[in-house]
Amino acid sequence: MSDLLLEVHGLHAGYGPIEVLHGLDLSVERGGFAVILGANGAGKTTTMRALSGMLARRGEVSFDGHDISKSSPEAIVRLGIAQVPQGRGTFPELSVEDNLRAGAYIRTDGDAIGDDVERWFTNFPRLRERSSQRAGTLSGGEQQMLAIARALMSRPKLLLCDEPSLGLSPLITQASRSCSSSRTPTSPSRSPRRCTSSKRVPSSAPAPPRRYLETTASAAPTWGTDRWNVCFKSSSTGCPKGRSTR
Amino acid sequence: MIKVNENSPAHWAIRGLGGALLIAVILWVPTMDFAGIGQVNDALLIALAAMSLNLVLGYTGQISIGHSAFFGIGAYATAILVKKYEWSPGWTFFVGAIVAFVIGTIVALPALRIKGIYLALVTLAIAFMFPKFVGWEKLEWLTKGQSGYDSVRYKDLPDWPLVGPFPKGQQGRAEFQFWLSILVVAISYLVIRGVVRSRVGRSLIAVRDNETAAAVMGVHLAQTKTLVFGVSAAICALAGSLSALRSGTVTPESPNIQVVGSVVFLVAMIIGGSATLWGPIVGGFFYFYLERNLGDWSESGPLEFIFGWSKTSPATMIFSILLIVLMFVAPFGVVGLLKRWSRKVVQIVPSPVVGSVDTKAPVAPATAR
Amino acid sequence: MERLLQIIFNGLSQGSVYSLIALGLVVVYRGTGHLNFAQGEMALTGAYLTWQFDQWGIPLLIAALLAMVCGFALGAATEFFLVRPLGKKSPFAVFVATIALFLGLNSLDGAIWGGEAKPYPNFFPNDDDDFIRILGAEWRYERLGVFVVMLVLTGLFFLLFKKTKLGLAMRAVASNSESAKLVGIPTNLVLMTSWGLAAAVGALGGSLIASVNTNVNQLTMIVVFIAASAAATLGGFDSPGGAVLSGLFIGVLETGAADYFPDWIGQDLKILPAFVVIMAVLLFRPAGLWGSSRVERV
């Protein structure tokens, strides 16, 4: 097996006649994570949506040995990619607990789902307090917690986070990171300038190693507006040079 | 393909040709016998009702299934005033229109505040109740209950300049009814054209498919929508008044007063072309003549082969299939289709007027028909 | 008291059918945001199918179940062939398609089974002494049965919504279809199932009302559809529970109005009070009694 979990070559995607991604190359190793940085309108969200099958796209996308360039969103989730969509990706009319259960829709191991819900309630006590409340009534930060927890409910191999720190207070960002690294690794949410302090996923994590890709809100101005910077995080020593993909 | 600049002499020539054709057709109709004119008059009624529906449904996207009730209001206003209070029919048109305007506005007011489906349901309920209401025994003193009114007509036909005097008897009545219908349709056409080309009308069209935008634009727009609904109801009442004079009989059983009338107007509007000025007029004629002949056509030939098993007339079935097919291939109906084709032959290049928002190339009536 | 109770019994039975049709309307509306104008005629087709199966000698209960299966197929096919492709064009196209389906199904039923009314078999014992007496009011088995069937079916629906994975998926799609896709829910399949279930419930509702009326004809369902859509409006279009309660309420209201004011309202105008209630609700509580305003406003 290749040590690349996700490999993308020449990905084109867009909305109707407007093409946004013009041949994107991208890869994510097993064990590390990647950060996509770009200016507003650069196409970060489009990349996310193309990878999860929500948009018409062409190009080569292989994930864990499967060609997913033509797969439906449903099939892609089943292969092990979960996405935390930008903004409110929760089901506002559903209770917090039902949101989590919906996140586990593809799983068939009924009992383990209950255990996972319990685990997330332990990690985010705030969600337990509000477990029967409708998700739409949560605060923005709580909704973001819920969205991350919901995405992980499908036990993905790769988690795509679209602007995960949006609306999260530093405190919650911290909480989310600490509890997630202790139990199920997730991507730290942070702004690009502080990405140097991201911790590598500890190898002692009980769950199989997972890789995360996140987009961030805005690029450092020096990176220019029309270039993609894909940053492969390999160590805790800092963010290496962005690799331009175009 | 020929390109023609907007308002160039060539464009005016096309418009002139279209106008001349239209006038020729209008002048030709009264030369037919009264049965033929009568059919045209019936078609014009449906056309006018479809035009009024088009104003709300086609242009501003408010679903109304209540136009049969407004049609009925017009018909009953004319019948009651002429027979019970002995008015001259002409004045009753205004009364019917005003009553329909008021009722239409009231009906639309609460429903317009929120999503379109509520308007659809409220109007559906109105359409359903109207025939029962006018047939109600407590209102018998006014509406004459189930038997309704008959022989609603002018005692003496007025003598109109240019087109009169009219001969005696059925021929004269048919001719007069035709000119009256043309007059009402023409005025209504101009009113509708004025509304949809106005600034307010264009903003209504702009927010048609986007209810969020509509909400953001605020209360003012909701009021305008309500008023437009009232105008539409008033025009539909005019069609009802015309129908009272055309048939002379107004009862709760009159076909266009029942709920099914609303559906008839809808079908005519969609076949002709929603959100086009000429669509409902074309659609009214299409509907009328199709409806009239489908029964006969389906007794022989290919239609008999397909629908021969049917225990009832397959006309309605054919119309519903036609509607679905139209939605797939030509959502803007016959006129939309003609417009698309005519653009392949003659394209009107809009003149770049500074500050103008109207970039749609107006199509001459001839090409629209 | 006796009279009031009698009205409530009769109204609940009548309202049960409204509830079933309204439930179908709400399930479809929540999922796809479209009002299915053909819901009543789908139910009519179901009623005719039950009648036809019964004529062929199939036991009545099995006939009704078969009709529900056919109804499911009809609803699912409608979603697949009409609503899904046209929904990509415009909501208006879907509206026209459901109106066309309303016309088409109605005339198709007429074409197959003829215009005259068909005498309809009884689901429940219907002899003179088949009733229970509660505080002096009689609840005929036939009408009581309709109410019980509605309760059972609604209960099943709520179990489906709250306790099953399909129900969770249906609620998730109704709430946020983008996110539903992202968690791996096959949204198209779920919507097709919603339309199918709505039509299946409708088919049963149609058979029940035909049984209570003791006959079925082309016009049977139009007034039922209007009352049911009134119920859905009253309850709020995104609230299945509200639709069911409102259906019962409207049933009782119109039965009561017809009974207490026979001269002024009577059978013909019995929908009038319901209509007034709806106009008032729309004026003062536009999202309906149980609807959430977030979904309905705008």
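Residues numbered from 1 in each chain as written. Chains lettered and ligands numbered in written order. Predicted model: local features only at pLDDT ≥ 70, side-chain atom pairs only at ≥ 80, totals over all residues.

(A) Local environment of the overall build of chain C. Of the regular secondary structure elements, chain C holds twelve helices and four strands. Relative to the 2.2 N^0.38 estimate, which gives 19 Å for 298 residues, the radius of gyration of chain C is 19 Å and therefore close to what a compact globule would have. Here the C-alpha coordinates of chain C stretch approximately 60 × 50 × 35 Å along the principal axes. Restricting the contact set of chain C to residue pairs at least 6 apart, pairs at least 24 apart contribute 73%. (Helix = DSSP H or I, 4+ residues; strand = E, 2+ residues; numbered from the N terminus. Rg over C-alpha atoms; globule rule 2.2 N^0.38 Å. Contact = placed C-beta atoms within 7 Å.)

(B) Main features of the interface of chain C and chain A. The interface of chain C with chain A comprises 17 residues on the first partner and 23 residues on the second. Ranked by residues supplied to the side of chain C that touches chain A, first place goes to helix α6 (residues 165–175) of chain C with six residues. A class-by-class count of the residues in the side of chain C that touches chain A yields seven nonpolar, five polar and five charged. (Nonpolar A, V, L, I, M, F, W, Y, C, P; charged D, E, K, R; others polar.)

(C) Spatial organisation of the interface of chain C and chain B. In this assembly, 41 residues from chain C lie in contact with 40 residues from chain B. Contributions of two or more residues to the side of chain C that touches chain B are made by α3 (60–87), α4 (91–113), α9 (220–235) and α11 (272–284) of chain C. In terms of residues, the side of chain C that touches chain B owes the most to one element, α4(C), which gives 15 residues. Across the side of chain C that touches chain B, the residue classes break down as 29 nonpolar, eight polar and four charged.

(D) A look at the confidence of the model for chain C. Residues and elements named next belong to chain C. For chain C, per-residue confidence averages 88 on the pLDDT scale, and residues scoring 70 or more make up 97% of the total. Here residues 294–298 scores under 50 on pLDDT; set against residues more than four positions off or in separate chains, the count is 16 contacts. The ipTM assigned to the predicted complex is 0.87, against a pTM of 0.83. (pLDDT = per-residue confidence, 0-100.)

(E) Representation of unusual backbone geometry. We note that D64(A) has phi near 55°; this positive angle belongs to a residue other than glycine. Locating D64(A) in the fold gives a position in the loop between β4 (57–63) and β5 (66–67). Of note, the phi angle at E86(B) is positive, near 55°, even though the residue is not glycine. With respect to the element layout, E86(B) can be found in the loop between α3 (67–84) and α4 (89–112). You can call E86(B) exposed: it has 8 C-beta atoms within 10 Å. (Buried ≥ 20, exposed ≤ 12 C-beta atoms within 10 Å, placed from the backbone.)

(F) Here's a closer look at helix α5 (residues 141–163) of chain C. With 23 residues, α5(C) extends 31 Å from end C-alpha to end C-alpha; this agrees with the ideal 33 Å at 1.5 Å per step. Those residues of α5(C) not exposed but buried are E142(C), R143(C), L144(C), G145(C), V146(C), F147(C), V149(C), M150(C), L153(C) and T154(C). (Expected span 1.5 Å × (residues − 1).)

(G) Molecular detail of the sheet that holds β4(A). All names here are of chain A. Pairing within the open sheet is antiparallel, and its four strands lie in the order β2-β1-β4-β5. Edge positions in the sheet fall to β2 (18–29) and β5, since each of these pairs with one other strand and no more. Here nine bridges tie strand β1 (residues 4–15) to β2, and the two strands are oriented antiparallel to one another. Along β2, the bridge assignment pairs V8 with L26. Sheet strands touched by helix α1 (residues 44–51): β1, β2 and β4. Its angle to β2, the strand with the most contacts, is close to 70°. (Pairing = 2+ DSSP bridges. Axes fitted to C-alpha atoms, helices over the stretch in contact; angles between N-to-C directions.)

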